[in-house]
Amino acid sequence: MKEDLKIKILELLDEGKFKEAGKIAKGSLELEEFYREQTLLKETLKSFKIRRTPDNLNEKILEKLFEEKEVAKDFEIPLLNSLLKIFSFPKISFSAALSILTLTLVLIIYSINPIPENLSYYTYKVKSKIEFYLDKIDSAKDLFVFMIDTKREEVIKDLIKKEANKKNEEVKKWQIKTEKSRRELPYFYHLFLG
Amino acid sequence: MIMEFNKIYKGLEKNEKWAWKMILENYSSRIYSYILNFSGSREFAEEGTQEVFFRMFKSIKKIKGKKEDFEKYLYTIAKNYSIDHYRKNKNINIIEDKDYLIPRWDPDFETKDLVWRGINQLEEEDRELIILREIEGYSYEEISNLLDIPMGTVKSRINRVRLKLAEIIKSLQGRKQ
């Protein structure tokens, strides 16, 4: 019975209802002593709370935290970091992986079987694209060689000659064609051929 | 805290100084007080507070933006750190800096000294409960969340510790007389 009353007193003290707790304790020496004891204990314990940290402790902590952050930054490898950033983005990493896979497949097909008879339309398209770009690369290489070539003027002359020959051949072809089909050249055609 | 915790947490995740400053302003004294009351050493409490926030800084991304989880994690670090120190120094002197908490000129020195020695005789778990509830003033709900114990259990355990502490103090008083 008294134990229950003690718990009740504790609960009331906990809620800050000191008067009510005192009322319950009244009349019994043991309970009154218990009430005094617990009230004193509560007050004493409260006084142990430290409300302020020592001077500069927060500044010290901040300094330590951000010093560490700077050190970590110095050790980062920029290229690797940027690459990781790109691949951490899901859409980009997915499309990058897909394009790498496609390119590998195309290269495998192209190396195993250059021009098979039963080549499908899409393989043909891919192949022609590759050839187109290879041609572009070749032209770029020629241009580069041309730029560093010391006998540039001779090369230019050769090119002009080649171009003129090409033009003549075109004209001849066209004339043959028109003779065969008995068609006349349009009057403006000469304007373009010079 | 004036600002919403979510906003501060975003700053913490990006390691922004203002966010850490706000957290320190709100929690450092509580952590310091907790470790000091647990260990009894001022020097250790200072070192411990720094260490707790340093560990928090390193693992901030593990906590997913909830204030309760943040506080729980913070106290778990502080608790583990304090228990570690307590166990290592159990047989040496755990109340080395008592004068800092209870100065000799305090009119209630005798009572405070007695209560302080009483707390130091409690088991780790009991001591933690008394510190959180009676010294730091946490609500039962907060303690239940911090320690992962049902609220009813927290209440009954704290009441039991109060009775136990009173008994210890009485026996200490008897020995003194």
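Everything here concerns the structure above.
Predicted model, so just to flag it, every value in this text is computed and none were measured.

Caption draft 1: Representation of the side chain of Glu71 of chain B within the structure. Considering the arrangement of structural elements, one finds Glu71 of chain B in helix H4 (residues 67–88). Nearest to the buried, unbridged Glu71 of chain B among oppositely charged side chains is Lys67 of chain B, at 4.2 Å.

Caption draft 2: Local environment of the interface of chain B and chain A. Taken together, the 42 residues of chain B in the interface contact 32 residues of chain A. Across the chain B/chain A interface, buried area totals approximately 3,400 Å², and carbon plus sulfur atoms make up 69% of it. Among the salt bridges present, the one from Glu134 of chain B reaches Lys42 of chain A, with a minimum N-O distance of 3.0 Å. Across the contact surface, chain B and chain A share nine residue pairs in polar contact (both at pLDDT 80 or more). Among the elements that take part in the side of chain B that touches chain A, helix H2 (residues 17–39) of chain B stands out by supplying 11 residues, more than any other. The class makeup of the residues in the side of chain B that touches chain A is 20 nonpolar, nine polar and 13 charged.

Caption draft 3: A look at the nonpolar core. Within the largest apolar cluster, 65 residues are counted, with the highest numbers of intra-cluster contacts made by Leu45 of chain A together with Leu12, Trp20 and Phe70 of chain B. In terms of residue count, the dominant contributor to this core is H2 of chain B (12 residues). Counting only domains with at least three residues in this core, you end up with domain 1 (1–98) and domain 2 (102–177) of chain B. If near-sequence neighbours (up to four positions away) are discounted, Leu12 of chain B is found in contact with Ala19, Trp20, Ile23, Ile60 and Phe70 of chain B. The next biggest cluster of nonpolar side chains, apart from the first, holds nine residues, and it includes Leu12, Ala21, Ala25 and Tyr35 of chain A.

Caption draft 4: Examining the packing of aromatic side chains more closely. Counting across every chain of the model gives nine aromatic pairs over all chains. Taken together, a centroid distance of 5.7 Å and an interplanar angle of 70 degrees make the contact between Phe48 of chain A and Trp116 of chain B edge-to-face. Placement of Phe48 of chain A in the loop between helix H3 (29–46) and helix H4 (57–74) and of Trp116 of chain B in helix H6 (residues 109–119) is noted, with the two residues assigned to different chains. A centroid spacing of 5.8 Å and a plane angle of 70 degrees characterise the contact between Phe66 of chain A and Phe57 of chain B, whose relative ring orientation is edge-to-face. Note that Phe66 of chain A is positioned in helix H4 and Phe57 of chain B in helix H3 (residues 42–58), a pairing that runs across two chains. Under the relative-accessibility criterion, Phe57 of chain B is labelled buried at 9%.

Scoring rules and cut-offs
Residues numbered from 1 in each chain as written. Chains lettered and ligands numbered in written order. Predicted model: local features only at pLDDT ≥ 70, side-chain atom pairs only at ≥ 80, totals over all residues. Heavy atoms only, no water. Helix = DSSP H or I, 4+ residues; strand = E, 2+ residues; numbered from the N terminus. Buried < 20%, exposed > 50% of the residue type's maximum accessible area, 1.4 Å probe, protein only. Lys, Arg positive; Asp, Glu negative; His and termini not counted. Salt bridge = Lys/Arg side-chain N within 4 Å of Asp/Glu carboxyl O. Contact = heavy atoms within 4.5 Å. Buried area = accessible area lost by both parts, 1.4 Å probe. Polar contact = N/O pair within 3.5 Å; in protein donor to acceptor, adjacent residues only side chain to side chain. Nonpolar A, V, L, I, M, F, W, Y, C, P; charged D, E, K, R; others polar. Core = buried A, V, L, I, M, F, W, Y, C linked by side-chain atoms within 4.5 Å. Domains from an automatic or database assignment. Phe/Tyr/Trp six-rings, centres within 6.5 Å; stacked < 30°, edge-to-face > 60°.

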